[in-house]
Protein chains: 2
Amino acid sequence: MQRCLMCQLALKEWKPAIAAHKKNFVAKKNEVIICEGEPVTGIYFVYSGNVKVHKKWGDKELIVRFADKGKIFGHRGLGTTSAVYPISATALEETELCFIPADFFVSTLKVNHELAFSLMMFYADELQESEKKMRNLALMPVKSRLAVALLHLKAQFGMDTTGCIDIDLSRQDLAAFAGATYETVFRTINEMVQENLVVLSGKRICISEETSLIALTRE
Amino acid sequence: MQRCLMCQLALKEWKPAIAAHKKNFVAKKNEVIICEGEPVTGIYFVYSGNVKVHKKWGDKELIVRFADKGKIFGHRGLGTTSAVYPISATALEETELCFIPADFFVSTLKVNHELAFSLMMFYADELQESEKKMRNLALMPVKSRLAVALLHLKAQFGMDTTGCIDIDLSRQDLAAFAGATYETVFRTINEMVQENLVVLSGKRICISEETSLIALTRE
DNA sequence: CGAATCGTTGATGAGCTTCAAAACTCGTGG
DNA sequence: CCACGAGTTTTGAAGCTCATCAACGATTCG
């Protein structure tokens, strides 16, 4: 898995150096780890659990992505433009984290070129993802965006034993991830159930007609 | 200017090495330099002129950003995920370009750590921009997005002697940049003229009440 | 001087948000 | 164990923003 920078961190010889600076801790469910606009202090690694990375405008919210096991967040603060976090991060469940101070992380990057290169590739991938989502938000109807969201969730979190997407996400959060309102998402999912594209199992969602769902995301 | 990687390229000792691989050329107005979905061949630097970087969905188009003097494009193809360009690039005016093959550029990055680090920071900044725009597209009304677009254009291209934003952009392209339709942008600009936020001078746009325009982009 | 592209404007309605209000879940404490 | 309230899900209705369509004037360009 290319995006697992954790692995890099764990394997490198400078691991002992990190030990002196890193700080492990656990975030409870719904705990706010980063708040948009706060000064940047460092970067976070996720050992286990799940964190939503989101942005606000007024009282509306957009979930940019989810950071689960092996992912990092807070890394956008590293650029040259700003000294404040451009995003908020909130734990969706109990989450084990590792915090690394920004200055130490940056100086490490300057020494460990392999890590820096990996991080660069990681950024390149994220940028591509981000711009694709930009296009989706601007050009796609809600139904297609929802299809993209569901396929993305399935790819990231996999399926449980019943074939459902293995994540417990409130409809509120699903809506914020798809970039639509609560009610619209609700109705659109109902539509999808009518059309046998998905099946509901309690609150979980099972993709039954992946091909048709993918078709929604094309043209 | 942090984003001017060109400067880096020009100043480094490996410049002679580049000379053997790079290829300078000129793109005419409206010439398509990269087409979405084509296999990645390399990265482009802009010496002069202006290029729109855009994505399509069906017959709709979204302009992701503009690459003028000192900017690069085609760099998103470098990530690990894909071997095809995720964007199209089209010259908006006569543009002087420099092309560098991907394999050579990547191997250069592995040797020149300073450049790699700069590029990483560049990516970090772009990612932040991109996610902000994502939020804008998802949550803002058209009028606010248009305000953001105009302020962005002013920041990137500056003003001419009459105080207008120094770029000749068709309303079509302005609409594609703001993520709205032609007609809506037209009407919204009229609205802004009524409210004395902007003034039209021929086809160019002059921001007269920057503070009020910025206010539109908040909350 | 056509032909094509771009700018301007009005009418229409689909898609989506917003508001409002039940029905349902679930944890808390009496 | 049940009552309570807070949060979430479900549903209906109203309306607004914005895209779409259509038509015409203006401008560019070979």
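Placed above this text is the structure.
Residues numbered from 1 in each chain as written. Chains lettered and ligands numbered in written order. Predicted model: local features only at pLDDT ≥ 70, side-chain atom pairs only at ≥ 80, totals over all residues. Heavy atoms only, no water.

## Overview of the protein's contact with DNA strand C
- The environment of DNA strand C is formed by 14 residues, the closest being V142, T181 and T184 of chain A together with Y182 and F186 of chain B.
- The protein-proximal atoms of DNA strand C, defined as those within 4 Å of the protein, are 57% sugar or phosphate.
- Within the side chain of K60 of chain A, one N or O atom sits 3.4 Å away from a phosphate oxygen of DNA strand C.
- At 3.3 Å, a side-chain N or O of R187 of chain A approaches a base oxygen of DNA strand C.
- Among the secondary structure elements, those contributing two or more residues to the surface near DNA strand C are α7 (182-194) of chain A together with α7 (182-194) of chain B.
- Considering each element in turn, the surface near DNA strand C owes the most residues, five residues, to α7 of chain B.
- Among the residues making up the surface near DNA strand C, the classes are represented as five nonpolar, three polar and six charged. (Near = heavy atom within 4 Å. Polar contact = N/O pair within 3.5 Å; in protein donor to acceptor, adjacent residues only side chain to side chain. Helix = DSSP H or I, 4+ residues; strand = E, 2+ residues; numbered from the N terminus. Nonpolar A, V, L, I, M, F, W, Y, C, P; charged D, E, K, R; others polar.)

## Description of the interface of chain A and chain B
- Taken together, the contacts link 50 residues of chain A with 51 residues of chain B.
- Summed over both sides, the interface of chain A with chain B buries roughly 4700 Å², with 70% coming from carbon and sulfur.
- When residues of chain A are sorted by the area they lose upon contact with chain B, W57, M134 and L139 of chain A head the list and together hold 18% of the total.
- At the boundary of chain A with chain B, the tally comes to zero salt bridges.
- One can count four residue pairs in polar contact (both at pLDDT 80 or more) joining chain A with chain B.
- Elements represented by at least two residues in the side of chain A that touches chain B include exactly β4 (50-57), β5 (60-68), α3 (102-111) and α4 (113-139) of chain A.
- Among the elements that line the side of chain A that touches chain B, the one with the most residues is α4 of chain A, at 21 residues.
- Among the residues making up the side of chain A that touches chain B, the classes are represented as 23 nonpolar, 12 polar and 15 charged. (Contact = heavy atoms within 4.5 Å. Buried area = accessible area lost by both parts, 1.4 Å probe. Salt bridge = Lys/Arg side-chain N within 4 Å of Asp/Glu carboxyl O.)

## Comments concerning the sheet that holds β4 of chain A
Residue and element names in this part refer to chain A.
- On the basis of which strands lie adjacent, the open sheet formed by four strands has the order β2-β7-β4-β5 and antiparallel pairing. Of all the strands in the sheet, just β2 (32-34) and β5 have a single pairing partner and so form its edges. Strand-to-strand, the axes of this sheet are offset by a mean angle of 30°, without reference to chain direction.
- Bridge count between β4 and β5: eight bridges; the pairing is antiparallel. Directly across from V51, in β5, lies its bridge partner A67.
- Lying on the sheet, helix α6 (residues 171-178) is in contact with β4 and β5; it crosses β5 at an angle near 95°. (Pairing = 2+ DSSP bridges. Axes fitted to C-alpha atoms, helices over the stretch in contact; angles between N-to-C directions.)

## Structural notes on the relation of the copies chain A and chain B
- Under the fitted operation, chain A is carried onto chain B by 0.0 Å of movement along the axis and a turn of 180°, and the coordinates agree to an RMSD of 0.0 Å. Viewed as a symmetry operation, the transformation between the two copies matches a two-fold axis. (Least-squares fit on C-alpha atoms with pLDDT ≥ 70 in both.)

## Some details on the protein's contact with DNA strand D
- The local shell around DNA strand D holds 14 residues, among which Y182 and F186 of chain A together with V142, E183 and T184 of chain B are the closest.
- Close to the protein, within 4 Å, the atoms of DNA strand D are drawn from sugar and phosphate at a rate of 56%.
- Within the contact set of DNA strand D, a base oxygen lies 3.3 Å away from a side-chain nitrogen or oxygen of R187 of chain B.

## Quick notes on the sheet that holds strand β6 (residues 72-73) of chain A
Residue and element names in this part refer to chain A.
- Ordered by their spatial adjacency, four strands build an open sheet running β1-β8-β3-β6, and the pairing between neighbours is antiparallel. Each edge of the sheet is formed by a strand with only one pairing partner; in this case those strands are β1 (23-27) and β6.
- Here strand β3 (residues 42-48) runs beside strand β8 (residues 95-101); their pairing, made up of six bridges, is antiparallel. The partner of S48 across the bridge, within β8, is E96.
- Of the strands in this sheet, β3 and β8 are in contact with α3, which crosses β8 at around 70°.

## Structural notes on the pairing of β8 of chain A
Residues and elements named next belong to chain A.
- Of all seven residues in β8, six are buried; the element is thus mostly enclosed.
- Sheet topology places β1 next to β8; five bridges connect them, and they run antiparallel. Looking across to β8, one finds that V26 is bridged to E96. (Buried < 20%, exposed > 50% of the residue type's maximum accessible area, 1.4 Å probe, protein only.)

## Regarding helix α5 (residues 142-157) of chain A
Residue and element names in this part refer to chain A.
- Between its first and last C-alpha atoms α5 spans 22 Å; for 16 residues at 1.5 Å apiece the expected length is 22 Å, and the two agree.
- Along α5, the residues classified as buried are K143, S144, R145, L146, A147, A149, L150, L151, L153, K154 and F157.
- Positive backbone phi, at 75°, marks G158, one or two positions downstream of α5. (Expected span 1.5 Å × (residues − 1).)

## Let's talk about the pairing of strand β7 (residues 88-91) of chain B
All names here are of chain B.
- Residues of β7 alternate between two faces, with S88 and T90 on one and A89 and A91 on the opposite face, all of them buried.
- Inspection of the sheet shows strand β2 (residues 32-34) paired to β7 by two bridges, in the antiparallel sense. Of the residues in β7, the one forming a bridge with V32 is T90.
- Of the pairings in the sheet, the one linking strand β4 (residues 50-57) to β7 comprises four bridges and is antiparallel in character.

## Comments concerning the side chain of T95 of chain A
Residues and elements named next belong to chain A.
- Relative to the elements of secondary structure, T95 occurs in strand β8.
- Owing to a relative accessible area of 0%, T95 belongs among the buried residues under this scheme.
- A polar contact is formed between the side chain of T95 and the backbone nitrogen of N50, at a distance of 3.1 Å.
- For T95, the side chain forms a polar contact with the main-chain oxygen of E93, separated by 2.9 Å.
- Sequence-distant contacts of T95, defined by excluding residues within four places in its chain, comprise F25, V26, A27, V46, S48, G49, N50 and V51.

Any functional reading would require information that these geometric values do not contain.
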